Structure formats: C-alpha cells, structure tokens
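# Structural characterization, general
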Amino acid sequence: GVLNSNMCGFSRSPSSTTFPRGGGEDADKPRRNKKVMASTQFESIDARRCFPCWDEPLKKATFACSLTVPSQMTALSNMPERRGETLGPRGAEKTVTFAESPRVSTYLLAF
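We now turn to the structure provided with this report. Quick caveat: nothing in here was measured; it's all calculated off a predicted structure. (Residues numbered from 1 in each chain as written. Predicted model: local features only at pLDDT ≥ 70, side-chain atom pairs only at ≥ 80, totals over all residues. Heavy atoms only, no water.)

### Some details on the overall build of the protein chain
In terms of regular secondary structure, the protein chain is built from zero helices and seven strands. Reading the protein chain from its N terminus to its C terminus gives the helix and strand order β-β-β-β-β-β-β. Within the protein chain, residue pairs in contact and separated by at least 24 positions form 53% of the contacts whose partners lie at least 6 positions apart. Total accessible area on the protein chain stands at roughly 7900 Å², and carbon and sulfur atoms take up 53% of it. (Helix = DSSP H or I, 4+ residues; strand = E, 2+ residues; numbered from the N terminus. Contact = heavy atoms within 4.5 Å. Areas by Shrake-Rupley, 256 points an atom, 1.4 Å probe, with all protein chains shown as cover.)

Below is the structure:
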C-alpha cells in the first residue's frame, strides 16, 4: 500500500514524546521529540487503500503479516511476533513476522 497523510488506510501519524531537560537555564521547559509513525486505520472500508481485499465487514479472512523496517524502529501488529530477522550486511533493516490472525474482518487488522 501507499503511505498517505489522510489518517485512513495506511497512513503517517504524528507522534511526539515530551521529557524533561537536564540542568541549565531551560531546565523548566520540557523537550519534545517529534517523530512520524506509520499506522493503519481500516475501519470500516479503508483496508483497500493498503492491499487488495474484499473490504466488507461481513467478509472475513485470516491474515499473516510481515513488516520490513529500519532496524532501530519498532514493528507492531495486533498479533504476537513470531520471528524477527536482521537483513543486509550491516543489519540496517529487519523483517518482523507476526502470527496468523483468526478469521476477522479486514478493518480489524492492525500494523
């Protein structure tokens, strides 16, 4: 699928972490670490923006997800991680494979 900015299907989501600064004159001002994460929002018919499927709540299927991401990133899904594999000569990427889901509607898939 194509990573979009529409907050539906497979999209970019802003994320920030706030944590205190060390000592010094700005110690009372929290520091923000702004990042972007990729996420899914398939309810109820947006899974088709990510992959070809029968994207109807009454149609159900099992899903087996594998995500390839930069090694320093975290890959999550709504199923437990089954296997992780480092890729490339310097381990710059990794593929995380998740357990197969039970039969669910496409809008319940998350990664």
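That shown, we press on.
### Focus: the side chain of Ser-105
Among the structural elements, Ser-105 can be located in strand E7 (residues 104-105). Note on Ser-105: relative accessible area 4%, which makes it buried. For Ser-105, the side chain forms a polar contact with the side chain of Lys-60, separated by 3.3 Å. Leave out the neighbours within four places in its chain, and Ser-105 touches Pro-57, Lys-59, Lys-60 and Phe-63. (Buried < 20%, exposed > 50% of the residue type's maximum accessible area, 1.4 Å probe, protein only. Polar contact = N/O pair within 3.5 Å; in protein donor to acceptor, adjacent residues only side chain to side chain.)

### A closer look at the side chain of Thr-95
Considering the arrangement of structural elements, one finds Thr-95 in strand E6 (residues 93-98). For Thr-95, the side chain forms a polar contact with the side chain of Thr-68, separated by 2.9 Å. For Thr-95, the residues in contact, after removing those within four places along its chain, are Ser-66, Leu-67, Thr-68, Arg-83, Gly-84, Glu-85 and Leu-87.

### Remarks on the packing of aromatic side chains
To describe a pair of aromatic rings, one takes the distance between the centres and the angle between the planes. What the rule picks out here adds up to three aromatic pairs. With a centroid separation of 5.9 Å and an interplanar angle of 80 degrees, the aromatic rings of Phe-42 and Phe-51 are classed as edge-to-face. Where Phe-42 meets Phe-111, the ring centres are 6.1 Å apart and the plane angle is 70 degrees; that geometry is what we call edge-to-face. Pair noted here: Phe-42 is in the loop between strand E2 (31-41) and strand E3 (60-61) and Phe-111 is in the segment after E7, with a separation of 69 residues, a long-range link. Exposure remark for Phe-111: the relative accessible area of 18% places this residue in the buried category. Put simply, the rings of Phe-42, Phe-51, Phe-63 and Phe-111 touch in pairs and so form one group of aromatic residues. (Phe/Tyr/Trp six-rings, centres within 6.5 Å; stacked < 30°, edge-to-face > 60°.)

### Considerations on the pattern of salt bridges
One pass over the structure, following the stated rule, counts one salt bridge. Ionic pairing is found between Arg-49 and Asp-46, a salt bridge with its closest N-O pair at 2.9 Å. Using a relative accessible area of 42% as the deciding quantity, one classes Arg-49 as partly exposed. For Asp-46, a relative accessible area of 15% puts it in the buried group. (Salt bridge = Lys/Arg side-chain N within 4 Å of Asp/Glu carboxyl O.)

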